[in-house]
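# Structural overview for review
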Amino acid sequence: MSATPGPFDPTSPDAAPAPRPPPPRPRAPASVVLLAVLALAFTLWAAQSLILPILLAMFFALVGNPIIRMLQRLWLPRFVAALLVVVGGLAGAAALGNQLVEPAGEFVRQMPQQVRQIAPKLRDLTRPVQEANRAAQNIARVAGGQQNQRVQVVSAPSDPYRWLLTTPKVVASVLAVILLTFFFMVYGAHLQRHALQLLPSRQQQKLTVEILQSIEREISRYVLTISVINALLGMAFALALYLLDVPLQEALLWGTMVALLNFAPYVGPLIGILAMLGMGLLAYDELWRALLPATIYLVLHTLEGQIITPIVLGRRMALSPLVLILALMVFGWLWGIIGLLLAVPLLVCVKLVLARLDGMGGWARLLE
């Protein structure tokens, strides 16, 4: 006796056919992907005067968002809180710049004389290497049969009116960064809500809102935390220099440089160590005292990079050293010093976004 198929039996003739799986998406050939990457890189380089103010404004807005949320808990409107953050940041930057303008100008004016003073010390330290190099050059010249040749140095004429053309552009870029930072702080969330309304279903809107809010909080916390750590590192180094009888304004100048360079891992500390070696050779005659500023900087950077930052940020924000070096090379080639400062925050943003997207967890782990 055969059983009668039930209403939910897949063998029943009335049962609905199983939905077909979606067809696989066509994959572009490698040549098209390579051309797209090259086109994107060229666009990022060619449009840097437009892209960099936007990225800097977003960076400063991410730094200020946690402070704005804290002020909103005190019943301040977001507009007022953002205005206080922007004005406070500009006031702090102006006060610091007022302290740094005089020592920076004095350092630039005395640079040729200081280089002439440092040259004899460097010759004493590198005399064995120079003698070996000179002997190798003599051997190569004799072997190749070359005579001494005069080298003619051609200097390009300087344009005295170039600053008249570049200064308005710099001022306009600075004003654009300030205004964009303020508007990102005030209207960024409003713009985000309206953009999310373009999604087809309410479930997708809700899920996307949760993802974007969590990513924004984590990125804001990371950017603010790393900025505070770098500022404390610069203050600690400035205090150490001040205790070594370096004038206060000059110590603040070097501390500010150290804080900014620390946004570019590996490359920034290497530049900082070389700068501290030069500064020590200029300031002191004894070799051990000349090496003291670079040693102090190396110790502080090691404590920050190996102990403090991993404890504060945790493993989730860790990035692969190889990926970091590649990102610094790419962004430094595209945008210069600003690209070096923005490379790590941009890479962290990419990692957090990939970790939240379905099917992209492997790419996020690739960056670790």
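None of these values were measured; they are calculated from a predicted model. (Residues numbered from 1 in each chain as written. Predicted model: local features only at pLDDT ≥ 70, side-chain atom pairs only at ≥ 80, totals over all residues. Heavy atoms only, no water.)

What follows covers the overall build of the chain. The helix and strand tally for the chain stands at 13 helices and 0 strands. Helices and strands appear in the chain in the N-to-C order α-α-α-α-α-α-α-α-α-α-α-α-α. Of all 368 residues assigned to the chain, the portion counted as buried reaches 29%. Considering only residue pairs separated by 6 or more positions, the chain has 68% of its internal contacts joining residues 24 or more positions apart. Carbon together with sulfur atoms contributes 69% to the accessible area of the chain, which is approximately 25,400 Å² in total. (Helix = DSSP H or I, 4+ residues; strand = E, 2+ residues; numbered from the N terminus. Buried < 20%, exposed > 50% of the residue type's maximum accessible area, 1.4 Å probe, protein only. Contact = heavy atoms within 4.5 Å. Areas by Shrake-Rupley, 256 points an atom, 1.4 Å probe, with all protein chains shown as cover.)

Take the packing of helix 2 (residues 48–72) against helix 7 (residues 202–243) next. Helix packing geometry: the angle between the two helix axes and the distance between the axes. It is at 8 Å that the axes of helix 2 and helix 7 come closest, and there the two elements cross at 100 degrees. When the axis of helix 2 is compared with that of helix 7, the two are roughly perpendicular. Only Glu216, Arg217, Ile219, Ser220, Arg221, Val223, Leu224 and Ser227 of helix 7 make contact with helix 2, whose side of the interface consists of Phe59, Leu62, Val63, Asn65, Pro66 and Arg69. In terms of residue class, the contact of helix 2 with helix 7 is made up of 7 nonpolar, 3 polar and 4 charged. (Axes fitted to C-alpha atoms, helices over the stretch in contact; angles between N-to-C directions. Parallel < 35°, antiparallel > 145°, perpendicular 65-115°, else oblique. Nonpolar A, V, L, I, M, F, W, Y, C, P; charged D, E, K, R; others polar.)

Take the confidence of the model for the chain next. Overall, the prediction assigns the chain a mean pLDDT of 77, with 75% of residues at 70 or greater. Of all the helices and strands in the chain, helix 5 (residues 127–144) carries the lowest mean pLDDT, 60, while helix 8 (residues 248–261) carries the highest, 88. Predicted confidence is poor over residues 151–156, with pLDDT under 50, and the contacts of this stretch with residues over four places away or in other chains come to 0 contacts. (pLDDT = per-residue confidence, 0-100.)

Judged by side-chain polarity, Phe79, Val80, Leu83, Leu84, Val87, Leu179, Phe183 and Tyr187 come together as a nonpolar surface patch covering roughly 730 Å² of accessible area. Those elements that provide at least two residues to the nonpolar patch are helix 3 (78–109) and helix 6 (162–196). The biggest single contributor to the nonpolar patch is helix 3, with 5 residues. With respect to the helices and strands, the residue Val80 is situated in helix 3. Given the relative accessible area of 34%, Val80 is considered partly exposed. (Patch = residues over 30% accessible without salt bridge, like charges linked within 9 Å, V, L, I, M, F, W, Y side chains within 5 Å. Salt bridge = Lys/Arg side-chain N within 4 Å of Asp/Glu carboxyl O.)

Between its first and last C-alpha, helix 11 (residues 292–313) extends 30 Å over 22 residues, near the 32 Å set by a 1.5 Å rise per residue. All buried positions along helix 11 are accounted for by Pro293, Ala294, Tyr297, Leu300, Glu304, Thr309 and Leu313. The inward-facing, buried residues of helix 11 abut helix 7, helix 8, helix 9 (267–283) and helix 10 (287–290). (Expected span 1.5 Å × (residues − 1).)

This brings us to unusual backbone geometry. Of note, the phi angle at Trp75 is positive, near 70 degrees, even though the residue is not glycine. Along the chain, Trp75 falls in the loop between helix 2 and helix 3. Residue Trp75 is classed as exposed on the basis of its relative accessible area of 81%. Of note, Asp245 is a non-glycine position whose phi angle comes to about 70 degrees, a positive value. As for its placement among the helices and strands, Asp245 is situated in the loop between helix 7 and helix 8. For Asp245, a relative accessible area of 68% corresponds to the exposed category.

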